[in-house]
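Here's the letter readout for the chains.
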Amino acid sequence: MILHASEILSRLESRSAVIGIIGLGYVGLPLASATAHAGFQVVGFDIDPHKVEQINAGLSYIGTVLSATVQEHRRSGRLRASAAFSELALCDVIIICVPTPLTKQREPDLSAVRGTVGEIAAHLRRGQLVVLESTTYPGTTREVMTPLLEAGGLVNARDFFVGFSPEREDPGNKTFTTADIPKVIAGDGPDAQRLMAAFYGAVFKRIVPVSSPDVAEAVKITENIFRSVNIALVNELKTTYDAMGIDIWEVIEAAKTKPFGYMAFYPGPGLGGHCIPIDPFYLTWKAREHELSTRFIELAGEINVSMPRYVVQKLVEAMDEKVGVRVGGSRILILGMAYKKNVDDMRESPSFKLMSLLEKRGAEVDYHDPHVPEIGPTREHAEYTGRKSVGIDARALQNYHAVLLAADHDAFDYGLIATHARLIVDTRNAFAQRGFMAPNIVKA
């Protein structure tokens, strides 16, 4: 083993290594917390000074990490935040957890990754392990990250080491915490693989080594494409069965009683979160480089992207039939700005698209979400920044022509809503699951 690798390995095994995590969002902050819990000293880096201030004050801004946990790590001295990237030179392991969105042309936008790697390269020293966790297409670690790091003259696998380990965060999942989820790891070369195993094996209950960063990148893309395709399938079945007068949710409940050969997926108003709506298109873009067409993946994406328009059309029809009111000039309440139940994560939420489509038709749209009291800045929907969740009671509900349920939070008072709303368009089957079935409740 190369001397530099031996030195890092020794510090990892003794928990004396300093771990730098860049990007303190829904992936980086839970990872920083888990790493501190494992006994490492963690420095979290972020370009947002407000996040840095909050972490250093012992406050969490993410529901999956409690402020009490941050305070515990602060008291132990195992976690601090910084906006000074010069401190990267102090770190033995540097982990990149930054966004990888799409451009408007649905092509990979690696600007955050490139910018972050550029900052690392400016402070890179011998004997560091640099790991990418941001979801991306196969080949990114090898083709994008490594050359940028080597531009200063240091050589990969000799002076420093690189690896890839896909994040597997699932906001709102109370069964699996960060450290409970098996962690796929891959180092570029045998020394890097040993270092990856030493670090992640100390933080996670189980590690799953694979042969190369390309394979690890493909694992993450495959997981998300699997979900995207199956969600698209049930979304298409929903529209087909609806035309036949068949309830897709009743079909799924019966189908999932089969103990083999079937896995239940559920339809919705569109895809949300950072992974499922975006990651499949990373592979379709990369496939074109090899003159291949990923028709199945792209078709699934088209179906899922079309769902907000389908939901709005169902709402238009229901308002005309049951309320006798046109959408233009109506007042509509959206239940749930988060992209899924019981979380505060708004990334790529279909509620933004629903709101936009309804407002373009002339509707006045409010939202209610106890998990999202105010809409923060977003890349695609800056016009909604600062809009606040409205309160609801019997009188307020009666003032809306329709209520559109987009995220089925447990915190909603379904009985109150079912009793007092003039019309409910339910995209999650949430009311029927709770025993509320009435002529004014329409599934979409």
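Here, every reference points to the structure presented above.
Summarised in this report is the structure supplied together with it. (Residues numbered from 1 in each chain as written. Predicted model: local features only at pLDDT ≥ 70, side-chain atom pairs only at ≥ 80, totals over all residues. Heavy atoms only, no water.)

1. Quick notes on the overall build of the protein
Next, step 1: A count of helices and strands for the protein gives 15 helices and 13 strands.
Next, step 2: Taken against the 2.2 N^0.38 rule, which gives 22 Å for 444 residues, the C-alpha radius of gyration of the protein at 24 Å falls within 12% of a compact globule.
Next, step 3: Across its three principal directions, the C-alpha atoms of the protein cover 75 × 50 × 40 Å.
Next, step 4: A burial count over the protein gives 52% of its 444 residues as buried.
Next, step 5: Sequence-distant contacts, at least 24 apart, represent 67% of the contacts inside the protein between residues at least 6 apart.
Next, step 6: When the accessible surface of the protein is summed, it comes to about 19200 Å², and 53% of that surface belongs to carbon and sulfur atoms.
Next, step 7: Each charge class in the protein was averaged separately, 47 positive and 52 negative side chains, and the resulting centres sit 2 Å apart. (Helix = DSSP H or I, 4+ residues; strand = E, 2+ residues; numbered from the N terminus. Rg over C-alpha atoms; globule rule 2.2 N^0.38 Å. Buried < 20%, exposed > 50% of the residue type's maximum accessible area, 1.4 Å probe, protein only. Contact = heavy atoms within 4.5 Å. Areas by Shrake-Rupley, 256 points an atom, 1.4 Å probe, with all protein chains shown as cover. Lys, Arg positive; Asp, Glu negative; His and termini not counted. Charge placed at Lys NZ, Arg CZ, Asp CG, Glu CD.)

2. With respect to the nonpolar core
Next, step 1: Residues Leu12, Ile19, Phe40 and Ile95 are the most contacted members of the largest nonpolar core, which totals 41 residues.
Next, step 2: Residue assignment for this core shows that the elements contributing at least two residues are α1 (3-13), β1 (18-22), α2 (28-37), α3 (49-56), β3 (79-82), β4 (93-96), β5 (129-132) and α7 (190-203).
Next, step 3: Ranked by the residues each element gives to this core, the list is headed by α7, at eight residues.
Next, step 4: When sequence neighbours within four positions are dropped, the list of residues in contact with Ile95 reads Ile19, Gly20, Ile21, Ile22, Leu31, Val131, Glu133, Phe199 and Tyr200.
Next, step 5: Formed by 40 residues, the second largest nonpolar core is a distinct cluster that contains Val43, Ile120, Ala216 and Ala300. (Core = buried A, V, L, I, M, F, W, Y, C linked by side-chain atoms within 4.5 Å.)

3. A word on the sheet that holds strand β13 (residues 441-443)
Next, step 1: Taken in spatial order, the five strands of this open sheet run β10-β9-β11-β12-β13, and their pairing is parallel. For this open sheet the edge positions go to β10 (364-368) and β13, each flanked by a neighbour on one side alone. Taken over all neighbouring pairs, the strand axes of this sheet differ in orientation by 25° on average, direction set aside.
Next, step 2: Alignment of strand β11 (residues 402-405) against strand β12 (residues 424-426), held across three bridges, turns out to be parallel. Each bridged residue has a counterpart across the sheet, and for Val403 the counterpart in β12 is Ile424. (Pairing = 2+ DSSP bridges. Axes fitted to C-alpha atoms, helices over the stretch in contact; angles between N-to-C directions.)

4. Things to note about the environment of Arg227
Next, step 1: Tracing the chain through its elements places Arg227 in helix α8 (residues 213-243).
Next, step 2: On a C-alpha basis, the gap between Arg227 and Ser76 in space is 39 Å, while along the polypeptide they are 151 residues apart.

5. Some points on helix α6 (residues 140-150)
Next, step 1: Taken together, the buried positions of α6 are Thr140, Thr141, Val144, Met145, Thr146 and Leu149.
Next, step 2: Elements that come into contact with the buried residues of α6 comprise β4, α5 (111-123), β5, β6 (161-164) and α8.

6. Let's talk about the layout of surface pockets
Next, step 1: Empty space within the second largest pocket amounts to approximately 670 Å³.
Next, step 2: Pro30, Thr64, Val65, Thr177 and Thr178 are, among the 32 residues lining the second largest pocket, the residues nearest its centre.
Next, step 3: Among the elements that take part in the lining of the second largest pocket, α2 stands out by supplying four residues, more than any other.
Next, step 4: A breakdown of the residues in the lining of the second largest pocket according to their chemical character gives 14 nonpolar, twelve polar and six charged. (1 Å grid on protein atoms, 1.4 Å probe; cavity = no way out; pocket = protein on both sides within 12 Å on 5 of 7 lines; lining within 4 Å. Points joined across faces, edges and corners; volume = space filled by probe spheres on them. Nonpolar A, V, L, I, M, F, W, Y, C, P; charged D, E, K, R; others polar.)

7. Some points on the pairing of strand β7 (residues 183-187)
Next, step 1: Of all five residues making up β7, five are buried, and the element is well covered by its neighbours.
Next, step 2: Residues of β7 alternate between two faces, with Lys183, Ile185 and Gly187 on one and Val184 and Ala186 on the opposite face, all of them buried.
Next, step 3: Pairing geometry for β6 and β7, over two bridges, is antiparallel. Within β7, the residue paired with Phe164 across the bridge is Ala186.
Next, step 4: With three bridges connecting them, β7 and strand β8 (residues 207-209) associate as parallel partners. Within the sheet, the bridge partner assigned to Ile185 lies in β8 and is Pro209.
Next, step 5: Remark: the β7/α7/β8 crossover connection has right-handed handedness. (Right-handed = clockwise from strand over helix to strand, strands pointing away.)

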